[in-house]
Amino acid sequence: MNKEKNSSDLSVVRWGTIKETPYEVAILPWGAIEPHNYHLPYATDCILSQSIALDCARKASETAGVRCMVMPPIYLGSQNPGQWNKPFCIHARSETQKAIMTDIVSSLYGQGFRKLLLINGHGGNTFKSIVRDLAVVYPDFYIVSVDWFAVVPTQDYFEEIPDEHAGEQETSVMLHYHPEYVDMEMAGDGKVAATGIPSIEKKIGWMPRNWDEVSRDTGIGNPKKSTAEKGRRYVEAVISRIVELLDELNRV
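As a starting point, this report considers the structure included with it. None of these values were measured; they are calculated from a predicted model. (Residues numbered from 1 in each chain as written. Predicted model: local features only at pLDDT ≥ 70, side-chain atom pairs only at ≥ 80, totals over all residues. Heavy atoms only, no water.)

### With respect to the overall build of the protein chain
Thinking step 1. Along its length, the protein chain carries nine helices and four strands.
Thinking step 2. Against the globule reference of 18 Å for 252 residues, the protein chain gives a C-alpha radius of gyration of 18 Å, in line with a compact fold.
Thinking step 3. Along the longest, intermediate and shortest principal axes, the C-alpha atoms of the protein chain span 55 × 40 × 30 Å.
Thinking step 4. Within the protein chain, residue pairs in contact and separated by at least 24 positions form 81% of the contacts whose partners lie at least 6 positions apart.
Thinking step 5. Here the protein chain displays about 12,900 Å² of accessible surface, and carbon together with sulfur accounts for 54% of that area.
Thinking step 6. Between the centroid of the 26 positive side chains of the protein chain and the centroid of its 33 negative side chains there is a distance of 3 Å. (Helix = DSSP H or I, 4+ residues; strand = E, 2+ residues; numbered from the N terminus. Rg over C-alpha atoms; globule rule 2.2 N^0.38 Å. Contact = heavy atoms within 4.5 Å. Areas by Shrake-Rupley, 256 points an atom, 1.4 Å probe, with all protein chains shown as cover. Lys, Arg positive; Asp, Glu negative; His and termini not counted. Charge placed at Lys NZ, Arg CZ, Asp CG, Glu CD.)

Structural data, given as structure tokens:
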């Protein structure tokens, strides 16, 4: 039972367990190391992207017969001003992320794999340009990137708007997977201040926000109404969509 449960988790699986098993898709969780209000761990984005990836791999195997291997999460995310000045918050440059992904893809390619699903848990990460560059070098290698937090609209599951970072959505999903990591008594209200540039607020243009100016507790969104049940309902819908994607990817 334990061998079967762990056969899709590269963090703990043994070569003797998987050496005779063909895997169709590699799944790479990608997060960040950053403060998440006062109540969630620095590694929240990695923890959640890996947890969701593992559930997706198990369900894809059970319902679609797609064998996936979930790789250990990448902890290096891109950060805004006002985040990278916080103790132990790590900002990874785009060049760093590209080098990491290139090494992973080249390794997998040499081993005969041709399909990689990125499950991203950090809003500051954008991989499109990296994936396009890798497509030039590896034109027969499929790389698909998914932001798990954007797969399913949140309005039918959560109450608080805006909800972007360590708010009701993220906190509820963490309460579902790892309530032992959450201290709701410490949670700030995640109140958001305006940037001072109305056109930026209207998304006419984009610039990185200074986190010190827009958030007092590093959160964007109020986590106070978070529950494990809300997290469970939401993440089940997310997993269902991603499993459908894995099934389709396996067929090409």
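Next comes the rest of the description.
### Looking at the packing of helix α4 (residues 94–110) against helix α5 (residues 128–137)
Thinking step 1. Close contact between α4 and α5 brings their axes to 10 Å; oriented N to C, the two are set at 40 degrees. By the angle class used here, α4 and α5 are oblique. For the pair α4 and α5, the sense of crossing is right-handed. Residues Ser94, Gln97, Lys98, Met101, Thr102 and Val105 of α4 form the contact with α5, whose own contacting residues are Ile130, Val131, Asp133 and Leu134.
Thinking step 2. When its residues are assigned to classes, the contact of α4 with α5 shows five nonpolar, three polar and two charged. (Axes fitted to C-alpha atoms, helices over the stretch in contact; angles between N-to-C directions. Parallel < 35°, antiparallel > 145°, perpendicular 65-115°, else oblique. Left-handed = near helix turned anticlockwise from the far one by under 90°. Nonpolar A, V, L, I, M, F, W, Y, C, P; charged D, E, K, R; others polar.)

### Quick look at the nonpolar core
Thinking step 1. Core analysis: the largest hydrophobic core is formed by 36 residues, its most contacted members being Ile27, Ile242 and Leu246.
Thinking step 2. Going through the elements one at a time, β1 (25–30), α3 (44–64), β2 (68–70), β3 (115–120), α6 (168–177) and α9 (228–251) are the ones with two or more residues in this core.
Thinking step 3. Sorting elements by how many residues they give to this core places α9 first, with nine residues.
Thinking step 4. Counting 18 residues, the second largest nonpolar core, distinct from the first, contains Leu28, Trp30, Leu118 and Leu134. (Core = buried A, V, L, I, M, F, W, Y, C linked by side-chain atoms within 4.5 Å. Buried < 20%, exposed > 50% of the residue type's maximum accessible area, 1.4 Å probe, protein only.)

### Some points on a nonpolar patch on the surface
Thinking step 1. There is a patch of nonpolar side chains on the surface, built from Ile197, Trp206 and Met207 and spanning about 360 Å² of accessible area.
Thinking step 2. Mapped onto the secondary structure, Ile197 falls in the loop between α6 and α7 (198–201).
Thinking step 3. Accessibility expressed as a relative area gives 38% for Ile197, which makes it partly exposed. (Patch = residues over 30% accessible without salt bridge, like charges linked within 9 Å, V, L, I, M, F, W, Y side chains within 5 Å. Salt bridge = Lys/Arg side-chain N within 4 Å of Asp/Glu carboxyl O.)

### Focus: the pattern of salt bridges
Thinking step 1. Applying the stated criterion across every chain yields a total of 15 salt bridges.
Thinking step 2. The closest approach of N and O atoms between Asp212 and Lys86, which form a salt bridge, is 2.5 Å. Taken together, the positions of Asp212 in helix α8 (residues 211–214) and Lys86 in the loop between β2 and α4 put the pair 126 residues apart, joining distant regions of the chain.
Thinking step 3. Look at Asp212 and you get partly exposed, because its relative accessible area is 44%.
Thinking step 4. In this structure, Lys230 and Glu168 form a salt bridge, with 2.6 Å as the shortest nitrogen-oxygen distance. One end of the pair, Lys230, is in helix α9; the other, Glu168, is in helix α6, with 62 residues separating them in the sequence. Summarising the burial analysis for this pair, Lys230 and Glu168 share the class buried.

### A few points about the sheet that holds strand β4 (residues 142–147)
Thinking step 1. If you trace the four strands from one edge of the open sheet to the other, you get β2-β1-β3-β4, paired in parallel fashion. Two strands lie at the open edges of the sheet, namely β2 and β4, each paired on one side alone. The average undirected angle you get between the axes of adjacent strands in this sheet is 20 degrees.
Thinking step 2. The pairing of β1 with β3 spans five bridges and is parallel. Its bridge partner being in β3, Leu28 is matched across the sheet by Leu118.
Thinking step 3. On top of the sheet, α3 reaches β1, β2 and β3; it is set at about 160 degrees to β1, its chief contact.
Thinking step 4. Here α4 sits on the sheet and contacts β1, β3 and β4; the angle it forms with β1, its principal contact strand, is near 160 degrees. (Pairing = 2+ DSSP bridges.)

In short, the description is geometric, and any link to function would need to be established separately.
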